[in-house]
Amino acid sequence: MKCISVYTKDFGLFSDIYEEVMEAPPAENEEKIIEGVTVSGAGEVPDQYIERMRVKPEVVVMKEKERNVTILQHGDVFEICLPSDEAE
């Protein structure tokens, strides 16, 4: 799974920039600033990562079913996890 980190704890701000991030996601190890928020391509994470994070009480898990996107919120970061382009 490909992971994009969005460094804000403000859900409203995250919601405002979410579509822009999805339309032009940063490449792996690339950082962008969108409306004052740092967005970075965190690279690949194993599929088990979401399951490991899901059981932690401090992690909020959201799912966008249409695009098969999982969003994890913890601390001051949102992580957008999307299926890799490569077939598994």
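As recorded by an unreviewed UniProt entry, the protein carries the name NAD/NADP transhydrogenase alpha subunit and is attributed to Paenibacillus spongiae.

A.B. asks: I'd like a description of the pairing of strand 4 (residues 60-64), backed by residues and values.
C.D. replies: In the sheet, strand 4 pairs with strand 5 (residues 69-74) via 5 bridges, with the strands oriented antiparallel. Each bridged residue has a counterpart across the sheet, and for Met 62 the counterpart in strand 5 is Ile 71. In this structure, the hairpin formed by strand 4 and strand 5 is closed by a connection of 4 residues, where Asn 68 is found at a positive phi of approximately 55 degrees.

A.B. asks: Tell me about the packing of aromatic side chains, and name the residues and values.
C.D. replies: What the rule picks out here adds up to 4 aromatic pairs. An angle of 45 degrees between the planes, with centres 6.1 Å apart, marks the rings of Phe 11 and Phe 78 as tilted. In this pair, Phe 11 is assigned in helix 1 (residues 11-23) and Phe 78 in strand 6 (residues 77-82), connecting sequence segments 67 residues apart. Using a relative accessible area of 43% as the deciding quantity, one classes Phe 11 as partly exposed. According to the relative accessible area criterion, Phe 78 is buried, its value standing at 0%.

Criteria and thresholds
- Residues numbered from 1 in each chain as written.
- Predicted model: local features only at pLDDT ≥ 70, side-chain atom pairs only at ≥ 80, totals over all residues.
- Heavy atoms only, no water.
- Pairing = 2+ DSSP bridges.
- Helix = DSSP H or I, 4+ residues; strand = E, 2+ residues; numbered from the N terminus.
- Phe/Tyr/Trp six-rings, centres within 6.5 Å; stacked < 30°, edge-to-face > 60°.
- Buried < 20%, exposed > 50% of the residue type's maximum accessible area, 1.4 Å probe, protein only.

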